[in-house]
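A look at the structure
Read off the chains here:
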Amino acid sequence: MVRGGVVRTADGATHPIDVDPVVVGRDAGAQIVLADPEVSSAHLELRAVTEGILVRDLGSTNGTFVGPLRVHEAVVRTATAVTLGHTTLTVEPSGERRVDVGWSDGFGPLVGRSPRMRRVFSVLERIAPTPLSVLILGETGTGKEMVAKAIHEASPRKDRPFVVVDCGSIPPTLAESILFGHEKGAFTGADQRRKGALADADGGTLFLDELGELPLDLQPKLLRALSERQVKRVGGSAFEPIDVRVLAATRRDISAEMNAGRFRSDLYFRIAQVRVELPPLRERPGDIAQLVEAVCKRAGKAEHAAAVVGWIQQNLALHDWPGNVRELVNVASVAAMLADTPGAIDDVLALTRGDAASEGSASSRAPITAFAEAKRQALIDFERSYFTTLNQSASGNVSEMARQSGMERHHVRAYLRKHKISG
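Every value quoted in this text rests on a predicted model; they were computed, and no experiment measured them.

1. A look at unusual backbone geometry
For E210, which is not glycine, the phi torsion reads 50° and is therefore positive. As for its position among the elements, E210 is in the loop between β18 (205–209) and α5 (219–228). Residue classification places E210 among the buried positions, given a relative accessible area of 13%. A positive phi angle, near 55°, is found at R229, a position not held by glycine. Checked against the element boundaries, R229 lands in the loop between α5 and β19 (230–231). Assessed through its relative accessible area of 45%, R229 is described here as partly exposed.

2. Points about the side chain of S133
By the element assignment, S133 lies in the loop between α1 (115–127) and β14 (134–137). Looking at S133, its side chain comes within polar contact range of the side chain of R270, at 3.1 Å.

3. A closer look at the side chain of N259
Looking at the secondary structure, you find N259 in helix α6 (residues 254–259). Engagement of the side chain of N259 in a polar contact is seen with the backbone nitrogen of S41, the distance being 3.5 Å. Once you skip the residues sitting within four places of it in the chain, N259 turns out to touch S40, S41, A42, L58, G59, S60 and T61.

4. Focus on the environment of T90
With respect to the helices, strands and loops of the structure, T90 is situated in strand β11 (residues 87–97). T90 sits in the partly exposed class, given a relative accessible area of 27%. C-alpha of T90 to C-alpha of T14: the two residues are 76 residues apart in sequence and 9.3 Å apart in space. In contact with T90, not counting residues within four places along its chain, are V6, V7, R8 and T80.

5. Describing the sheet that holds β18
Taken in spatial order, the five strands of this open sheet run β15-β18-β21-β14-β22, and their pairing is parallel. The sheet terminates laterally at β15 (162–166) and β22 (274–277), the two strands that pair on one side only. Mean inter-strand twist for the sheet, computed between neighbouring axes without regard to direction, equals 20°. Pairing between β15 and β18: five bridges, direction parallel. What sits directly across from D166, in β18, is D209. Sitting on the sheet, α1 is in contact with β14, β21 (245–250) and β22, with an inclination near 150° to β22.

6. Topic: the environment of P322
Tracing the chain through its elements places P322 in the loop between α9 (305–315) and α10 (324–338). Residue classification places P322 among the partly exposed positions, given a relative accessible area of 32%. Placed 92 residues apart in sequence, P322 and A414 show a C-alpha to C-alpha distance of 9.6 Å.

7. Topic: α5
Each α-helix winds once per 3.6 residues, and so residues spaced three or four apart point in a common direction. When α5 is considered as a whole, its buried residues turn out to be Q219, L222, L223, A225 and L226. Buried residues of α5, viewed axially, fall in a sector of 165°; they line one side. In this structure, the buried side of α5 is in contact with α3 (175–180), α4 (197–200), β18, β19, β21 and α7 (265–271).

8. Overview of the pattern of salt bridges
Counting across every chain of the model gives 22 salt bridges. Where R119 meets D20, a salt bridge forms, and the shortest distance between an N and an O atom there is 3.1 Å. Placement of R119 in helix α1 and of D20 in the loop between β2 (14–17) and β3 (22–25) is noted, with a sequence separation of 99 residues between them. Of the charged contacts, one joins R264 and D266 as a salt bridge, the two residues approaching to 2.7 Å between their closest N and O atoms. Given a relative accessible area of 30%, D266 falls into the partly exposed group. Bridged by salt links that share partners, the residues E45, R47, R56, R275 and E277 form one connected network.

9. Let's talk about the packing of helix α8 (residues 288–298) against α9
It is at 9 Å that the axes of α8 and α9 come closest, and there the two elements cross at 135°. The angle between α8 and α9 falls in the class oblique. In this structure, the crossing between α8 and α9 has a hand that is right-handed. Where α8 abuts α9, its residues I288, A289, V292, E293 and C296 lie against A305, V308, V309 and I312. A class-by-class count of the residues in the contact of α8 with α9 yields eight nonpolar, no polar and one charged.

10. Focus: the packing of aromatic side chains
Applying the stated criterion across every chain yields a total of four aromatic pairs. Ring plane angle 80° and centroid distance 5.1 Å describe the contact between Y386 and F387, whose orientation is recorded as edge-to-face. Ring geometry for F387 against Y415: centres 4.7 Å apart, planes inclined by 10°, an arrangement best described as stacked. Linking F387 in helix α13 (residues 370–393) with Y415 in helix α15 (residues 409–418), this pair joins segments that are 28 residues apart in sequence. With a relative accessible area of 4%, F387 lands in the buried category. Taking the relative accessible area as the measure of exposure, Y415 reaches 25% and is therefore partly exposed. Each member of the aromatic cluster is reached from another via a ring pair, and the members are Y386, F387 and Y415.

11. Regarding α9
Restricting attention to buried positions, one finds in α9 the residues A305, V308, V309, W311, I312 and N315. End-on view of α9: buried residues confined to an arc of 160°, all on one side of the axis. Opposite the buried face of α9, by more than 90 degrees, sit the exposed residues A306, Q313 and Q314.

Calculation rules
Residues numbered from 1 in each chain as written. Predicted model: local features only at pLDDT ≥ 70, side-chain atom pairs only at ≥ 80, totals over all residues. Heavy atoms only, no water. Helix = DSSP H or I, 4+ residues; strand = E, 2+ residues; numbered from the N terminus. Buried < 20%, exposed > 50% of the residue type's maximum accessible area, 1.4 Å probe, protein only. Polar contact = N/O pair within 3.5 Å; in protein donor to acceptor, adjacent residues only side chain to side chain. Contact = heavy atoms within 4.5 Å. Pairing = 2+ DSSP bridges. Axes fitted to C-alpha atoms, helices over the stretch in contact; angles between N-to-C directions. Arc of directions from axis to C-beta. Salt bridge = Lys/Arg side-chain N within 4 Å of Asp/Glu carboxyl O. Parallel < 35°, antiparallel > 145°, perpendicular 65-115°, else oblique. Left-handed = near helix turned anticlockwise from the far one by under 90°. Nonpolar A, V, L, I, M, F, W, Y, C, P; charged D, E, K, R; others polar. Phe/Tyr/Trp six-rings, centres within 6.5 Å; stacked < 30°, edge-to-face > 60°.

This is the structure:
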């Protein structure tokens, strides 16, 4: 159940608010466009949640205000004035209603019975056959590339290439060549003519992983190529037509990157025709058993699924899975292979995962070797020392600790709780 509603602009126009986010900003690609110079390109988003309407600032320059308070996130339960720049919107929640989350508990290789994943699958089923560009959002390990592959496999382009470009690993000097190709002799080392990723994906799908890392000077060239459906190789003089569907993924907050001038809003809205947000595993623990069953089946050990699920429930009930589905897959794969050997799962995972398994269990187990115990204790000592120093450096501010450590805030909080470090 969610409480939908409407947002009313100063001229009296109303726009519905549902479970899909509504972006408000100055950019022409926003769902609600405001001609206010004090409003950022992508200023805030509105979406229906169980408690009311979620108002979330997208890293705007001048902030979002509910009454006199500047807010990053706030849930509005009654008609409320929200101010951004010189503009005031009225957000009006309505009564509760049931949301159609879909009935599918899988999409291609993806599985999950939680309402959030069933809604994701429902969206994927509708958009996969279309030519729409899709931006896939989520933390590291949530399965963004697997979602992209599943979309491709369910599309009319499935028999054509699926080309992956990791924007985070593109050397700046070769970025243009990697995407667009180059002519022989175009630069030092260009000893032969090469097609770029866009041409390689012709007729198929181009997946831009870690889109937020794409060099800024390359972004207008990519936008032009996508808009005009043609590319020109580095050192070339002629354009070649391309037919490419673009899927992209990022763990960065691209809205904040846009407002900071590090990512072009026109490219963002060109690629994010549809946004799919993957929830972290800690927010859908009810899916763990089904995910483990799928892992065991792929490993040819389907008969071990119940034992592996039982082991995880017993030993990792309190684990928040910072590596998300990727971490669970690794754990379940090891456990599936060792399920026939009593005690082997505990032994191997204690060595490969540090002290995570033993921390999640109700009672600690004896170390397998002196080395394993020394390693476990060294890791504990390091964590305690690191997060104590980090806490002092950031004066107890979790957001600042997350920035300094390069970690998600919930991971920082988990370590602070684990070692009983208070701000």
